[in-house]
Amino acid sequence: MPERTILITGAAGEMGGYLVDRFLQDDWAVCGLDRKSPANVDRVRFSFQVCELSDGADTEEKIGLLHENHGAFDAVINCAGLIANSPLVSFVDGRLAHHDFTLWDRILSSCLTSAFHVTACTAPLMVTSGKSGVIVNISSICSRGNRGQAAYSAAKGGLNSLTLALAKELGSFGIRVVAVAPGYFDTTSTRNNVPPERLDEITASVPLKRLGKLEEVFSAVNFILDNAYMNGTVLELDGGLTL
């Protein structure tokens, strides 16, 4: 079987790094992009470029370098993102303050603009290669709107809309675009952004009574890659929390 190549953004993060390892175990050639280098870049069949994904020119350059060595990508996972908690209105030093504008820009750039840049740079390579491809966007159930996370919710809602629009646009080229929207998973970022007592409440509200596991994100992504008729879908992976 010819070697398959997958590009994973956010490859230095907890979820992205996990996906890198799992796809390497499944004999994919893996390319990674992130603004910082992962802890282990010496893995066999793993190529990595430091990249500021919010910068379109830098993204295009680094994807070009990876493409020169590996050819067109069979699959792309847009996993890069940044979570931040900030209410629209809050009291600071006894005065009303609004959401920080710079933080808003950072969250939108990290979660949404980065996915647009990567997809815009990789889709033409898939088209010219003449083979079908798959783009998977890692969204979130926060796209439904999460109190105190206006920027993150808006970014993930935008990512879902981008997924649907590009699924319609790129389908005629044989390129599928699908999103996975995880709920609350047992990760460092979850525990850093959700107070323990609130996380206990959320866990109790999940019908399965537990947080998700990263292996279940990998399983969902793998299902999308294997199912050649899945396109333009936002697959919610939340243990039934949003029922």
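Everything below is about the structure shown above.
Residues numbered from 1 in each chain as written. Predicted model: local features only at pLDDT ≥ 70, side-chain atom pairs only at ≥ 80, totals over all residues. Heavy atoms only, no water.

Attention now moves to the overall build of the protein. When helices and strands are counted, the protein shows seven helices and nine strands. C-alpha extents for the protein along the principal axes are approximately 60 × 40 × 40 Å. Long-range pairs, those at least 24 residues apart, make up 68% of the contacts in the protein between residues at least 6 apart in sequence. Just so you have it, the protein exposes about 12000 Å², and 52% of that area is on carbon and sulfur atoms. Distance from the positive charge centre (20 side chains) to the negative charge centre (27 side chains) of the protein: 5 Å. (Helix = DSSP H or I, 4+ residues; strand = E, 2+ residues; numbered from the N terminus. Contact = heavy atoms within 4.5 Å. Areas by Shrake-Rupley, 256 points an atom, 1.4 Å probe, with all protein chains shown as cover. Lys, Arg positive; Asp, Glu negative; His and termini not counted. Charge placed at Lys NZ, Arg CZ, Asp CG, Glu CD.)

As a further point, take the nonpolar core. Leu7, Ile63, Phe73 and Ile107 are the most contacted members of the largest nonpolar core, which totals 34 residues. Those elements that place two or more of their residues in this core are β2 (29-34), α2 (56-70), α3 (101-129), α4 (150-170) and β8 (175-182). Sequence-distant contacts of Phe73, defined by excluding residues within four places in its chain, comprise Thr5, Leu7, Cys31, Ile63, Leu66, His67, Thr122, Leu125 and Met126. (Core = buried A, V, L, I, M, F, W, Y, C linked by side-chain atoms within 4.5 Å. Buried < 20%, exposed > 50% of the residue type's maximum accessible area, 1.4 Å probe, protein only.)

Now for helix α1 (residues 14-25). For α1, which comprises twelve residues, the first-to-last C-alpha distance of 17 Å matches the rise-based estimate of 16 Å (1.5 Å per residue) to within 8%. All of the buried residues along α1 are Met15, Gly16, Gly17, Leu19, Val20, Phe23 and Leu24. Next to the buried residues of α1 lie β1 (5-9), β2, β3 (46-50), β4 (75-78), β7 (133-138) and α7 (214-226). Note on α1: the residue one or two positions beyond its end, Asp27, has a positive phi of about 70°. (Expected span 1.5 Å × (residues − 1).)

On to the sheet that holds β7, then. Taken in spatial order, the seven strands make up an open sheet running β3-β2-β1-β4-β7-β8-β9, and their pairing is parallel. Of all strands in the sheet, those bounded by a partner on one side alone are β3 and β9 (234-237). With direction set aside, neighbouring strand axes in the sheet form an average angle of 15°. The pairing of β7 with β8 spans six bridges and is parallel. Among the inter-strand pairings, Ile135 is bridged to a residue of β8, identified as Val177. The strands that α4 touches are β7, β8 and β9; relative to β8, the one it contacts most, it runs at about 160°. (Pairing = 2+ DSSP bridges. Axes fitted to C-alpha atoms, helices over the stretch in contact; angles between N-to-C directions.)

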